[in-house]
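Chain residues, written in single-letter form:
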Amino acid sequence: MTTLSSGFARARRWLREHPLAFDATLAFCTLVAMICSSFTDPGDGHGPPAFGARTPELFSVLLMTLTAAALVLRRRRPMQVLAVTAALAAVEYVLMDPPAPVVMSTVIALYTVASRTDRPTTWRVGLLTMGGLTAAAMVFGSTAWYSQENFGVFAWTGLASAAGDAVRSRRAFVDAIRERAERAERTREEEARRRVAEERLRIARDLHDVVAHHIALVNVQAGVAAHVMDKRPDQAKEALAHVRDASRSALNELRVTVGLLRQQGDPEAPTEPAPGLAVLGELVTTFRNAGLPVEVACADRDRLPAAVDLAAYRVIQEALTNVRKHAGAGAKAEVSVVRVGATAEVTVLDNGRGSAGRRPGTGPADGPPGDGDGLDSGGHGLVGMRERVTALGGALTAGPRYGGGFRVHAILPVEARTGEPERPGTAGGTGLRR
């Protein structure tokens, strides 16, 4: 049974891949059925049909052959094939008595038209074919108009129209389901790619925020230590202590950030809180130890939502890092965080004399920051700040100040999105477990 079913499956697959061969086979089988039926006399309806009771005329055999041959082209030209078979069937009813079953080919052709056209066309063509052939059989046949042969023509042509329409509807339904499934699959793949891209961007931004700041401070303090090592060893020792503290902080934050890549539920995953304005004093102290005077004016630092609090902290961290790297010697910075209605405004100013083209975001294509120290040489710091702020629905502006210096100003909405769930790519995504 398994071998037989596999053989049928292979034959069906081959015929489906070669529709012309299938139609030729169908035409041959139809011709055999019509010729065999033409030898059968249905009788008067009170007894069984008698095979061999009559012999078809040569003209009827010719018509049956022509209609069967036309079925080979039923897929390519269904309307033309239906017209030819219906016309030849009508000719058979008009000229021959008793008529041969040429109408079999018309039934198959009508089914093909119904299965490949729309429903209104099926109704029009089907009713025309049914009415025309039935009328020809009733008017020109030798039997009574109400004989079963005449109503059989009406029934078979009507059944062909209904079956073809049902098959067409079924195909359309299956195609619609398949299309929806494919579209849903494409949507899932696009959503997965989008989430992967957002996650990569968020991780890159967090790594930049964590590492660039500390590496810049380590670079500055290492330079100070190398400069005063021989003449002022105490100051060199203090600078190296700051290097050690900055590197330890970088390692700790890096460990927490990379911990996000662990699988959910991993008991070893870090759970330290995300940095925010509550530890702004420690951040400012590291810059002061690096030789950058910073004045701070911060109000309501503990009242901001977590996502806004983190974004404000990262903006200040990146802005001060850029001041230390690019503002030049003797520069001072001012930091302010003010709650204004439903927004929090973060401003970082400096009076540095470094050239505007050496600041991130002021040169061509956010050009290189100048000395190449740290990790901001590609100009990603300002981009990362803007991404964090705009992800929360805020706005960020950065540019040179009139009379010298640089200004970074961020406006963060405090209430607009606090009730919404945070997306993976928003500024609230820190890479830290809270």
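Residues numbered from 1 in each chain as written. Predicted model: local features only at pLDDT ≥ 70, side-chain atom pairs only at ≥ 80, totals over all residues. Heavy atoms only, no water.

**Here we look at the overall build of the protein**
Phase 1 of the analysis: Counting its regular elements, the protein contains eleven helices and seven strands.
Phase 2 of the analysis: Within the protein, the fraction of its 434 residues that count as buried is 38%.
Phase 3 of the analysis: Restricting to contacts in the protein with at least 6 residues of sequence separation, those with at least 24 account for 68%.
Phase 4 of the analysis: For the protein, the exposed area adds up to about 23900 Å²; of that, 60% sits on carbon and sulfur atoms. (Helix = DSSP H or I, 4+ residues; strand = E, 2+ residues; numbered from the N terminus. Buried < 20%, exposed > 50% of the residue type's maximum accessible area, 1.4 Å probe, protein only. Contact = heavy atoms within 4.5 Å. Areas by Shrake-Rupley, 256 points an atom, 1.4 Å probe, with all protein chains shown as cover.)

**A short note on the confidence of the model for the protein**
Low pLDDT means the predicted atomic positions in that stretch should not be read closely.
Phase 1 of the analysis: Counting all residues, the mean pLDDT for the protein is 76, and 75% of those residues have values of 70 or more.
Phase 2 of the analysis: In the model of the protein, strand β2 (residues 50-51) stands out as the element of lowest mean pLDDT, 60, in contrast to helix α5 (residues 103-116), which has the highest, 91.
Phase 3 of the analysis: Low pLDDT, under 50, characterises residues 416-434; the stretch is placed with 58 contacts to residues that sit more than four places away or in other chains. (pLDDT = per-residue confidence, 0-100.)

**Here we look at the sheet that holds strand β6 (residues 395-400)**
Phase 1 of the analysis: With mixed pairing, the five strands of this open sheet are ordered in space as β3-β4-β5-β7-β6. Looking along the sheet, the strands with just one partner apiece sit at the ends: β3 (294-298) and β6. Pairs of neighbouring strands in the sheet enclose a mean axial angle of 10°, with direction left out of account.
Phase 2 of the analysis: Note that strand β5 (residues 343-350) and strand β7 (residues 406-413) share eight bridges and pair antiparallel. Its bridge partner lying in β7, aspartate 350 is registered against phenylalanine 406. (Pairing = 2+ DSSP bridges. Axes fitted to C-alpha atoms, helices over the stretch in contact; angles between N-to-C directions.)

**Thoughts on the pattern of salt bridges**
For side chains bearing opposite charge, pairing can occur when the charged atoms are close.
Phase 1 of the analysis: Considering all chains together, one arrives at nine salt bridges under this definition.
Phase 2 of the analysis: Residue arginine 194 is joined to glutamate 191 by a salt bridge in which the shortest nitrogen-to-oxygen separation is 2.4 Å. Residue arginine 194 and its partner glutamate 191 are located together in helix α7 (residues 148-228), separated by three residues, close to a single helical turn.
Phase 3 of the analysis: When its relative accessible area of 31% is taken as the criterion, arginine 194 is described as partly exposed.
Phase 4 of the analysis: Between arginine 195 and glutamate 191 there is a salt bridge, with the nearest N and O atoms lying 2.9 Å from each other. In this pair, arginine 195 and glutamate 191 both sit in helix α7, four residues apart, roughly one turn of the helix.
Phase 5 of the analysis: Look at the salt bridges and you will find they share partners, linking Asp23, Arg74 and Arg75 into a network. (Salt bridge = Lys/Arg side-chain N within 4 Å of Asp/Glu carboxyl O.)

**Thoughts on a positive patch on the surface**
Phase 1 of the analysis: Among the surface-exposed residues, Arg10, Arg12, Arg13 and Arg16 lie close enough to one another that they form a single positively charged patch.
Phase 2 of the analysis: Structurally, arginine 16 can be placed in helix α1 (residues 2-17). (Patch = residues over 30% accessible without salt bridge, like charges linked within 9 Å, V, L, I, M, F, W, Y side chains within 5 Å. Lys, Arg positive; Asp, Glu negative; His and termini not counted. Charge placed at Lys NZ, Arg CZ, Asp CG, Glu CD.)

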